[in-house]
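Working through the structure, step by step
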Amino acid sequence: QVQLVESGGGLVQAGGSLRLSCAASGRTFSSYAMGWFRQAPGKEREFVAAISWSGGSTYYADSVKGRFTISRDNAKNTVYLQMNSLKPEDTAVYYCAAGVTLGGYRPYEYDYWGQGTQVTVSS
């Protein structure tokens, strides 16, 4: 089992920045690829970014490419999502997830999920 806890969400104005963190506990963190997803009200959960076990490979949705950066610190069992140039359409609950599929962009490719953290971007 892997337990995931997200933090760092909040309210920010358009153009601002936030850094989300996801702390993992349980089985070996470095064995898992990690992903960030988001879900806005009335919409399906969508892929945001993913990172390989070592952090050497990263993947992004087109909608966030160039604005968001995913990273991980295996010594701290933590994955991050740096979000810059935020837009109102980035408003959603953000979830981190752990899985064994490298670069997975579909929710079913992940085995463990956090509870989510709310990000609200005002215009």
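Read on for a plain summary of the structure. (Residues numbered from 1 in each chain as written. Predicted model: local features only at pLDDT ≥ 70, side-chain atom pairs only at ≥ 80, totals over all residues. Heavy atoms only, no water.)

Our focus in this paragraph is the pattern of salt bridges. The tally for this structure, following the rule as stated, stands at five salt bridges. Between Arg38 and Glu46 there is a salt bridge; the shortest N-O distance is 2.6 Å. Judged by its relative accessible area of 36%, Glu46 falls in the partly exposed class. With a shortest N-O distance of 2.9 Å, Arg38 and Asp90 are connected by a salt bridge. Of this pair, Arg38 sits in strand 4 (residues 33-39) while Asp90 sits in the loop between strand 8 (78-83) and strand 9 (92-99); the two residues are 52 residues apart in sequence, bridging distant segments of the chain. On the accessibility criterion, Arg38 (6% relative accessible area) is buried. Accessibility expressed as a relative area gives 1% for Asp90, which makes it buried. (Salt bridge = Lys/Arg side-chain N within 4 Å of Asp/Glu carboxyl O. Buried < 20%, exposed > 50% of the residue type's maximum accessible area, 1.4 Å probe, protein only. Helix = DSSP H or I, 4+ residues; strand = E, 2+ residues; numbered from the N terminus.)

Side chains of strand 7 (residues 68-73) alternate between two faces, with Phe68, Ile70 and Arg72 buried and Thr69, Ser71 and Asp73 left unburied. In this sheet, strand 8 lies alongside strand 7 in antiparallel orientation, the contact comprising six bridges. Pairing of Phe68 across the sheet is with Met83, part of strand 8. The hairpin formed by strand 7 and strand 8 contains four residues between the paired strands, and Asn77 there has a positive phi angle of roughly 55°. (Pairing = 2+ DSSP bridges.)

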